[in-house]
Amino acid sequence: MAEVLRSHDWRATPLGSRADWPQSLRTAVDIMLASGHAMCLAWGTDRTFLYNDAYVPILGARHPEAFGVTFEAAWPEIWEEIEPLVEATFDGKTSTFRDMPLVMTRNGYPEETWWSFSYSPIRDEQGAVAGLLNVTLETTSQVLAERERDEATEELRASEAKWRTMFETLKEGFILGELVRDETGRAVDWRYEEVNEAWYDLVGVERGLAVGRTIREVFPGIEDDWVSDFADAVERGEPARFTRQVGTLGRWYDGTVQHAGGDRFTAIFSEVTGRVWRERRQAAMLALTDRLRDEATAEGMTLAASAVLGEALGVERVGYGTVDLDAETITVEEDWVADGAEALAGTLNFRDFGSYVDDLKDGRTVAVDDCRTDERTQEHAAALEARSARAFVNMPVFERGALVALFYVGSTQPRAWGAEELQFIRDAAYRVRMGVERLRAVEQQEVLNGELSHRIKNTLSVVQAVAMQTLAGKTEPSVVEDFGSRLRALSSANEVLLTRNWSAAGLREVAENALATFAIGRVSFSGPDLDVSSRTAMSLSLLLHELATNAAKYGALSVPEGVVTVAWTVRAEGVEDVLEIGWTERGGPPAAAPTRSGFGSRLIRMGLTGSGDVTLDYDEQGLRVGIRAPLAEVQQR
């Protein structure tokens, strides 16, 4: 999909040329394309649709035509169902769904499908929601498999005469058991009366060692729920579903238990360890996306990501540290540890734990299944085990081709690290690095804005000082004061624009800042949230400042009971939208037209874009001013 992204004509889409894409969109696209999980992205008011390689099979015959169209055009047949979810996401809400049914026509015919997915808002550089990230997993086969299993269980209940044949041929594990009760009648254990051949394969017990023994004898230390839940099913006389782990085996099982008369029961089950861990990793990736979005510091991001990984992988230690390859050291601020483990912090030398730093230097991921047997670590096994790393993974993080950081995962038990687990750790490390880079970019922007603001203020101060010295004694003091106040109005507009990286400013914010030095408690503002260009912000600040100055001298703000209303709206006129701003004074002396037209009057009549379209009504109740301009011109950057 990276090649499709590069070759696509983005200028013909609402996103425009890739060179003009905001950093927030670039980062979101990079994260999506790098992920091994199916993801798609909807960006902007047109909901432009992008997706990664893992998402391509979901589209079927619609790929690649769906790339770059609107979200609605990509999925027209389900748009009515998902549109409210999309709009809620653009309102800032995160939505997560499990096994949601959707009828899709992706290969030329309707298909009944099910999906587990999350819609998460993506915010732009100003903090506004600009896009939607969808991390999805098709669960159709799982749902259909569960239906089939339920149907098989019902058939087993309905036809006990055929149970022996099924018992011998089932690939699923089958148990016929009987409760063991204490002297009070409470079920405290249960005994295996029969198991099938598949049972031995699924639990890894030697054949012939189960029948006649209790579950607590076969699996010492097994969780109490394996007894109490089966006893509940017997006592209620109703089938019960279970998905549970045998902790001593490290395996998960999914099945159904049902009453078989007296204290007997039957259970049919299959191993779902792989599915459970996949679902956990999928859920963890969704949680990681949410946690990274909410964290405001690099330390918070790395610790949050470590906690998510640790819980998802079921390990004892996860952490993130910066690497100095010349010194062959890693520095850790704080890592996540399971209960009872000691947190790791400080600077450590890689050579104290083995020779695998050579692999890291070559850019390779280090995955050690058992430090006692791996030739890179066996001489340092004691040091590693003391740090919960009998088995461990070191996932390198690169920046501009250089190793700069490391994501590490440690387990107190030997563990064969699978490809899916390594990819999961790699995805998490990449997301954390991108999150840290985003924070770094924001911090740098804030520093630059602060420096720019300081320099502009200094420049305006110099201009004002020069003007004061030049005009002193040569013109009326009021003229000098008017000039100074207009510079201050420009300065207030500059402050607003700097908070928006000089690209645009909120109309309300510009108006409030322009009038902040006047009797602001007697000025009210009303109108929709609306951004205007930097040029319009400057014009509006000067215009409102002139109106307020006149109101303070001659109008509503010259008396205690006078008030001013600033209101704006957008109206459709033909094929274009027009911005209308109204200035209304009430409670002051009657308005009168000026006897002469000075610079201030000319400034007001120039309007927002320099083309006029300003009306002034000198009413008995106070001055009313109407200002109009095409919205496109007002927002043109």
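Structural data are supplied above this passage.
What you see is a predicted model; the values in this text were computed from it and never measured. (Residues numbered from 1 in each chain as written. Predicted model: local features only at pLDDT ≥ 70, side-chain atom pairs only at ≥ 80, totals over all residues. Heavy atoms only, no water.)

A. Region of the structure containing the pattern of salt bridges. Under the defined criterion, the tally for this structure stands at 37 salt bridges. One salt bridge in this structure joins Arg 98 and Glu 279, with 3.9 Å as the shortest N-O distance. Taken together, the residues Arg 98 in strand 3 (residues 95–104) and Glu 279 in helix 11 (residues 273–294) connect sequence positions 181 residues apart. On the basis of relative accessibility, which here comes to 56%, the residue Arg 98 falls in the exposed class. (Salt bridge = Lys/Arg side-chain N within 4 Å of Asp/Glu carboxyl O. Helix = DSSP H or I, 4+ residues; strand = E, 2+ residues; numbered from the N terminus. Buried < 20%, exposed > 50% of the residue type's maximum accessible area, 1.4 Å probe, protein only.)

B. Seen up close, the packing of aromatic side chains. Under the counting rule described, the total for this entry stands at 25 aromatic pairs. Ring plane angle 85° and centroid distance 5.1 Å describe the contact between Trp 190 and Phe 265, whose orientation is recorded as edge-to-face. Taken as a pair, Trp 190 in strand 7 (residues 187–195) and Phe 265 in strand 10 (residues 264–271) lie far apart in primary sequence, 75 residues in all. Taken individually, Trp 190 and Phe 265 each receive the classification buried, so the pair is uniform in this respect. Members of the aromatic cluster, joined through ring pairs, are Trp 10, Trp 21, Phe 49, Tyr 51, Tyr 55, Phe 67, Phe 71, Trp 79, Phe 97, Phe 117 and Tyr 119. When the ring centre of Trp 21 is taken as origin, the NZ or CZ atom of Arg 18, which lies over that ring, is 5.8 Å away. Its guanidinium or amino end placed over the ring of Trp 277, Arg 280 lies 5.0 Å from that ring's centre, counting from NZ or CZ. (Phe/Tyr/Trp six-rings, centres within 6.5 Å; stacked < 30°, edge-to-face > 60°. Lys NZ or Arg CZ within 6 Å of the ring centre and 35° of its normal.)

C. Representation of helix 5 (residues 79–90) within the structure. Counted at 1.5 Å a residue, the expected span for helix 5 with its 12 residues is 16 Å, and the 15 Å between its end C-alpha atoms agrees. Inspection of helix 5 places Trp 79, Ile 82, Leu 85, Val 86, Thr 89 and Phe 90 among the buried residues, and these make up the whole buried set. Angularly, the buried residues of helix 5 cover 140° about the axis, an arc narrow enough to put them on a single face. Turned more than 90 degrees away from the buried face of helix 5 sit Glu 80 and Pro 84, all of them exposed. In the core, the buried residues of helix 5 are packed alongside strand 1 (39–43), helix 4 (71–74), strand 3, strand 4 (111–123) and strand 5 (129–138). Note on helix 5: the residue one or two positions beyond its end, Gly 92, has a positive phi of about 105°. (Expected span 1.5 Å × (residues − 1). Arc of directions from axis to C-beta. Contact = heavy atoms within 4.5 Å.)

D. Region of the structure containing unusual backbone geometry. With an omega of 5°, the peptide bond running from His 63 to Pro 64 counts as cis. Positionally, Pro 64 belongs in the loop between helix 3 (56–59) and helix 4. The backbone of Asp 99 sits at a positive phi, close to 55°, despite the residue not being glycine. Looking at where Asp 99 falls in the secondary structure, it is placed in strand 3. When its relative accessible area of 22% is taken as the criterion, Asp 99 is described as partly exposed.

E. Structural detail: the packing of helix 11 against helix 12 (residues 298–313). As a packed pair, helix 11 and helix 12 sit with axes 9 Å apart at the nearest point and diverge in direction by 165°. Classified by the angle between their axes, helix 11 and helix 12 sit roughly antiparallel to one another. Crossing of helix 11 over helix 12 shows right-handed handedness. Contact with helix 11, carried on its side by Trp 277, Arg 280, Ala 284, Leu 288, Arg 291 and Leu 292, involves Met 301, Ala 304, Ala 305, Val 308, Glu 311, Ala 312 and Leu 313 of helix 12 and no other residues of that element. Classifying every residue of the contact of helix 11 with helix 12 by side-chain character gives 10 nonpolar, no polar and 3 charged. (Axes fitted to C-alpha atoms, helices over the stretch in contact; angles between N-to-C directions. Parallel < 35°, antiparallel > 145°, perpendicular 65-115°, else oblique. Left-handed = near helix turned anticlockwise from the far one by under 90°. Nonpolar A, V, L, I, M, F, W, Y, C, P; charged D, E, K, R; others polar.)

F. Quick look at the sheet that holds strand 5. Ordered in space as 2-1-5-4-3, the 5 strands form an open sheet in which the pairing is antiparallel. With partners counted over all chains shown, the strands left at the sheet margins are strand 2 (48–51) and strand 3, one partner each. Along the sheet, successive strands turn relative to each other by an average axial angle of 30°, direction set aside. Of the pairings in the sheet, the one linking strand 3 to strand 4 comprises 8 bridges and is antiparallel in character. Paired with Ser 95 across the bridge in strand 4 is Tyr 119. Running over the sheet, helix 11 touches strand 3, strand 4 and strand 5 and is turned about 170° from strand 5. (Pairing = 2+ DSSP bridges.)

G. View of the sheet that holds strand 6 (residues 173–181). One open sheet holds the 5 strands; their spatial order is 7-6-10-9-8, and the pairing between them is antiparallel. In the strand order of this sheet, the two ends are held by strand 7 and strand 8 (240–246), each with one partner. Between one strand and the next, the sheet's axes are offset by a mean angle of 35°, whatever the strand orientation. Set on the sheet, helix 6 (residues 140–158) makes contact with strand 6, strand 8, strand 9 (251–259) and strand 10; between it and strand 9 the angle comes to about 35°. Most of the contacts of helix 11 go to strand 9, to which it runs at about 115°, and overall it touches strand 8, strand 9 and strand 10.

H. Region of the structure containing the nonpolar core. By size, the foremost hydrophobic cluster in this structure holds 44 residues, and its most contacted members are Leu 41, Phe 49, Leu 50, Tyr 51, Tyr 55, Phe 71 and Trp 75. If near-sequence neighbours (up to four positions away) are discounted, Phe 71 is found in contact with Ala 42, Arg 47, Phe 49, Trp 79, Ile 82, Val 86, Tyr 119 and Leu 132. (Core = buried A, V, L, I, M, F, W, Y, C linked by side-chain atoms within 4.5 Å.)

I. Expanded view of the pairing of strand 24 (residues 622–630). Alignment of strand 22 (residues 576–586) against strand 24, held across 7 bridges, turns out to be antiparallel. Its bridge partner being in strand 24, Leu 579 is matched across the sheet by Ala 629. Relative to strand 24, strand 23 (residues 614–619) is paired through 6 bridges, and the arrangement is antiparallel. Across the sheet, Thr 615 pairs through a bridge with Gly 626, a residue of strand 24. Two successive antiparallel strands, strand 23 and strand 24, enclose a turn made up of 2 residues.

J. Layout of the pairing of strand 22. Where strand 21 (residues 563–573) and strand 22 come together, 11 bridges link them in antiparallel fashion. In the sheet register, Val 566 faces strand 22, and the bridge partner there is Trp 583. Connecting strand 21 to the next strand, strand 22, in antiparallel fashion are 2 residues, including Gly 574 with a positive phi near 70°.

K. Focus on empty space enclosed by the protein. All told, the structure shown has 4 cavities of 30 Å³ or more when counted by the stated rule. Surrounding the largest cavity, 18 residues form its lining, Leu 344, Tyr 356, Leu 384, Asn 394 and Tyr 408 being those nearest its centre. The set of elements that each furnish at least two residues to the lining of the largest cavity consists of strand 12 (329–332), strand 14 (346–349), strand 16 (391–399) and strand 17 (402–411). Of all the elements, strand 17 adds the most residues to the lining of the largest cavity, at 4 residues. For the lining of the largest cavity, the per-class residue count stands at 13 nonpolar, 3 polar and 2 charged. What the second largest cavity holds in volume is close to 140 Å³. Along its surface, the second largest cavity is lined by 13 residues, and Tyr 55, Leu 102, Met 104, Tyr 119 and Asn 134 are the ones closest to its centre. Counting residues per element, the lining of the second largest cavity draws most heavily on strand 4, which supplies 3 residues. Residue composition of the lining of the second largest cavity, grouped by class: 11 nonpolar, 2 polar and no charged. (1 Å grid on protein atoms, 1.4 Å probe; cavity = no way out; pocket = protein on both sides within 12 Å on 5 of 7 lines; lining within 4 Å. Points joined across faces, edges and corners; volume = space filled by probe spheres on them.)

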